[in-house]
Amino acid sequence: MDKRLATYTVILLIVIAVVGASLLLREGGGNSGKTHTATTSGGPPTGSSTTSINLSGVPHKALIYDSLAREFPDPREVSTLKKILESMGFNVTVYYGANATLDPLVGMGQYGLVIIRAHGAYNGDPSSGKPLGAYVYTGMYVIEAEAVYGVKNIEDGIRKGYYAPAVIPRPGVPLQELPKYLAVSPKFFRDIAGEMNKTIVFFTGCYGFQDDRLAKVIINKGASAYIAWDGNVTWLHADEFLLEWARDLAHTGDPLRALEMANETVGPDPDTGAVVKILVRSNG
């Protein structure tokens, strides 16, 4: 398979009793190279000339949550990203592959900068009975999560809508034979994840801004900014964009200005048209 076309396309499994019904995730994207910004005030998008974000008051701790490494490992990407952040004075913690469990997501609030390199899923079906919006894949299979956190806790979390089993389709492989990852919903971040202290969150997977549900949850938890792709994105392009953004952040110290620069240099995904959007906390 061409790696440029190996997107984060996934299937979210909606589990009802013993029978699993699958929901094919909706694809989306745009073709604009502009940085799409908004504030939580509910007004129109804020122009870049009047909006900026600075790192003052942000804890000098950074989290790289790389659950994507279980399917698409890129140690050089993570190593380079870590060095860039350390050059800015961040104390960087990395959770890689299967070690990207629920705990780092619960504890996101202790970090000033959170990079989530993960598969993304999207539920836009109100009849599913599950929380709507973008889902984030952990690096754990459901069976592994049950071994760590207890079968009852995981089953209860799925029933309450905090978690969902999710798979990554592979050509010629029946869905029931694929490993089931544990994905977390916007409700998980709303009810279980801790409060944040001006945290800047960049989710590099698909569908993070398919709608603004997850963005608003993250901002309402105390984050200063939430950055994500508005549709299906190829992982190589997402990685390229992330590194460019980090370099520009090191140069400018302003996450929004860095996003504008990365959009000028790297731009939308040429294969899917997906663009990066940002939601900024209105009071800074």
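As the structure is a computational prediction, the values presented were derived from the model and not from experiment.

**Details of the overall build of the protein chain**
Part 1: Of regular secondary structure, the protein chain possesses 8 helices and 13 strands.
Part 2: Counting across all 284 residues of the protein chain, residues that qualify as buried make up 55%.
Part 3: Restricting to contacts in the protein chain with at least 6 residues of sequence separation, those with at least 24 account for 76%.
Part 4: Roughly 11700 Å² of accessible area belongs to the protein chain as shown, and the carbon and sulfur atoms make up 51% of that amount.

**So, the packing of aromatic side chains**
Part 1: Within the structure shown, the criterion is met by 8 aromatic pairs.
Part 2: With a centroid separation of 5.3 Å and 85 degrees between ring planes, the pair formed by Phe-188 and Phe-189 is classed as edge-to-face.
Part 3: On the accessibility criterion, Phe-188 (0% relative accessible area) is buried.
Part 4: Over the ring of Tyr-111 we find Lys-61, and its NZ or CZ is 5.3 Å from the ring centre.

**Quick word on the packing of helix 7 (residues 235-252) against helix 8 (residues 255-265)**
Part 1: The geometry of helix 7 relative to helix 8 is characterised by a closest axis approach of 8 Å and an angle of 135 degrees between their N-to-C directions. Relative to helix 8, helix 7 is oriented oblique. Relative to helix 8, helix 7 is oriented so that their crossing is right-handed. Of the residues in helix 8, those touching helix 7 at Phe-241, Glu-244, Trp-245, Asp-248, Leu-249, His-251 and Thr-252 are Pro-255, Arg-257, Ala-258, Leu-259, Met-261, Ala-262, Asn-263 and Thr-265.
Part 2: Tallied by class, the residues present in the contact of helix 7 with helix 8 amount to 8 nonpolar, 4 polar and 3 charged.

**Describing the side chain of Thr-138**
Part 1: Within the element layout of this structure, Thr-138 appears in strand 8 (residues 133-141).
Part 2: In terms of polar contacts, Thr-138 uses its side chain to reach the backbone amide nitrogen of Met-140, at 3.2 Å.
Part 3: A polar contact is formed between the side chain of Thr-138 and the backbone oxygen of Leu-182, at a distance of 2.7 Å.
Part 4: Contact partners of Thr-138, with chain neighbours within four places excluded, come to Tyr-65, Ser-67, Ala-100, Leu-102, Leu-105, Tyr-181, Leu-182, Ala-183 and Val-184.

Criteria and thresholds
Residues numbered from 1 in each chain as written. Predicted model: local features only at pLDDT ≥ 70, side-chain atom pairs only at ≥ 80, totals over all residues. Heavy atoms only, no water. Helix = DSSP H or I, 4+ residues; strand = E, 2+ residues; numbered from the N terminus. Buried < 20%, exposed > 50% of the residue type's maximum accessible area, 1.4 Å probe, protein only. Contact = heavy atoms within 4.5 Å. Areas by Shrake-Rupley, 256 points an atom, 1.4 Å probe, with all protein chains shown as cover. Phe/Tyr/Trp six-rings, centres within 6.5 Å; stacked < 30°, edge-to-face > 60°. Lys NZ or Arg CZ within 6 Å of the ring centre and 35° of its normal. Axes fitted to C-alpha atoms, helices over the stretch in contact; angles between N-to-C directions. Parallel < 35°, antiparallel > 145°, perpendicular 65-115°, else oblique. Left-handed = near helix turned anticlockwise from the far one by under 90°. Nonpolar A, V, L, I, M, F, W, Y, C, P; charged D, E, K, R; others polar. Polar contact = N/O pair within 3.5 Å; in protein donor to acceptor, adjacent residues only side chain to side chain.

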